[in-house]
Amino acid sequence: MTHDDANRSCAALPCAWYHSNADGGLEAWKVGDKMFACYGHALDGVSVKTADPESAQFLIEIGAAIKAKYFHRSWVRIPFDHSGYDSVKDLIHTSYSLIRNS
């Protein structure tokens, strides 16, 4: 998955909108006023919310994600060099659904 792939996946979701800070720091996709996907300034991966800290830990343990620095334990970061496009797209959609339903 690439940065462009992640952006296309996020943009296809209903009511999703893109937000970028003017200082070039945080790029995020939001639904309403809440973030469901985020890129740091390095643009080396996408951070998404999981259902709970246990789900995040499972993804980290199986090597599908890494800890998302500075985020709650229920968030993970998927590096863009991750080979599973469909699984990353599913994680973006899950994050979106969790945030939209909250």
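Refer to the structure above for everything that follows.
Residues numbered from 1 in each chain as written. Predicted model: local features only at pLDDT ≥ 70, side-chain atom pairs only at ≥ 80, totals over all residues. Heavy atoms only, no water.

Q: So what exactly am I meant to see when it comes to helix 1 (residues 3-11) here?
A: Every α-helix carries 3.6 residues per turn, so stepping three or four residues along brings you back to the same face. Considered for burial, the residues of helix 1 that qualify are Asp5, Ala6, Asn7, Ser9 and Cys10. Buried positions along helix 1 lie against strand 1 (16-20), strand 2 (27-31), strand 3 (34-39) and helix 3 (85-101). (Buried < 20%, exposed > 50% of the residue type's maximum accessible area, 1.4 Å probe, protein only. Helix = DSSP H or I, 4+ residues; strand = E, 2+ residues; numbered from the N terminus. Contact = heavy atoms within 4.5 Å.)

Q: Explain the pairing of strand 2 to me, please; I cannot follow it from the model alone.
A: Look at any regular strand and the pattern is simple: side chains alternate between the two faces of the sheet. For strand 2, the tally of buried residues reaches five of five residues, placing the bulk of the element in the interior. Burial of strand 2 is two-sided: the residues Glu27, Trp29 and Val31 facing one way and the residues Ala28 and Lys30 facing the other way are all buried. For strand 1 and strand 2, the ladder comprises five bridges, and the chain directions are antiparallel. Looking at the pairing, tyrosine 18 lines up with tryptophan 29 of strand 2. As consecutive antiparallel partners, strand 2 and strand 3 are separated by two residues, and within that stretch glycine 32 has a phi angle of approximately 65°, a positive value. (Pairing = 2+ DSSP bridges.)

Q: Got a minute to help me understand the sheet that holds strand 1 in this structure?
A: Either a parallel or an antiparallel arrangement is found when strands of a sheet pair, and the pairing is made through backbone hydrogen bonds. Pairing is antiparallel in the open sheet, where six strands are placed in the order 1-2-3-4-6-5. Bordering the open sheet on either side are strand 1 and strand 5 (66-67), each of which pairs with just one other strand. Relative to strand 3, strand 2 runs antiparallel, the two sharing five bridges. In the sheet register, glutamate 27 faces strand 3, and the bridge partner there is tyrosine 39. Across the sheet, helix 2 (residues 53-61) touches strand 5 and strand 6 (75-79), and the angle it forms with strand 6 is around 25°. Here helix 3 sits on the sheet in contact with strand 2, strand 3, strand 4 (45-49) and strand 6, set at roughly 40° to strand 4. (Axes fitted to C-alpha atoms, helices over the stretch in contact; angles between N-to-C directions.)

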